[in-house]
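Analysis of the macromolecular model
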Amino acid sequence: MFLIVSGAEEQIERAVAYLEGVGVRTTAAAKNLAWDEGKCVHCGACVGQCLPKALSVDEKTRRVSYDEGQCIACELCVGACPFGAIETVGKHFAVKEAANG
Ligand code: SF4
Ligand code: SF4
């Protein structure tokens, strides 16, 4: 079973602890992405890495923006950014195996 949870890190950890407490084993499936606009110099180096177009350039302003809803957390952009403006944080969890069947 695949389960996506969202919320503050503390809430996610509590949810995972609950699942583990009732005998459901979990494993991390993917991470969330954090884009720090304050560090971004809008060079565009990350945009070509992003197939779902979660990172895009406004053709008029030439500024880069990030649409979290489009991001599949492939992390290809992380290594592409020379300024450390993109990093992975937090986790989604996949329910791997239920102890009771
Ligand atoms: S992690 Fe992948 S999908 Fe998300 S912004 Fe980066 S390149 Fe795009
Ligand atoms: S590579 Fe980094 S600095 Fe350049 S546009 Fe992307 S996030 Fe901004």
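Our structure's up above, just so we're on the same page.
Residues numbered from 1 in each chain as written. Chains lettered and ligands numbered in written order. Predicted model: local features only at pLDDT ≥ 70, side-chain atom pairs only at ≥ 80, totals over all residues. Heavy atoms only, no water.

1. Side note on the nonpolar core
Using the following cut-off: In plain words, nonpolar cores are sets of buried Ala, Val, Leu, Ile, Met, Phe, Trp, Tyr and Cys residues tied together by side-chain atoms within 4.5 Å. Accessibility here uses a 1.4 Å probe with only protein chains present; expressed as a share of the type maximum, an area under 20% marks a residue as buried, one over 50% as exposed, and anything in between as partly exposed. A run of H or I in DSSP becomes a helix once it reaches four residues, and a run of E becomes a strand once it reaches two; helices and strands are each numbered from the N terminus. Whether two residues touch is decided by their heavy atoms; if any such pair falls within 4.5 Å, the residues are in contact.
Trp35, Cys46, Leu55, Val64, Tyr66, Cys77 and Ile86 are the most contacted members of the largest nonpolar core, which has 13 residues in total. Put simply, the parts of the chain that give this core at least two residues each are β1 (24–35) and β3 (64–66). For Cys77, the residues in contact, after removing those within four places along its chain, are Leu33, Cys46, Gln49, Leu55 and Ile86.

2. A look at the pattern of salt bridges
Two side chains bearing opposite charge may form a pair once their charged atoms approach each other closely. Operational definition: Here, a salt bridge means any Lys or Arg side-chain nitrogen found within 4 Å of an Asp or Glu carboxyl oxygen.
Tallying each qualifying case throughout the model produces two salt bridges. Arg14 serves as the salt-bridge partner of Glu10, at 3.5 Å between the closest nitrogen and oxygen. Placement of the pair is Glu10 and Arg14 together in helix α1 (residues 9–21), with a separation of four residues, close to one helical turn. A residue is classified by how much of its surface remains accessible, and Glu10, at 54% relative accessible area, is exposed.

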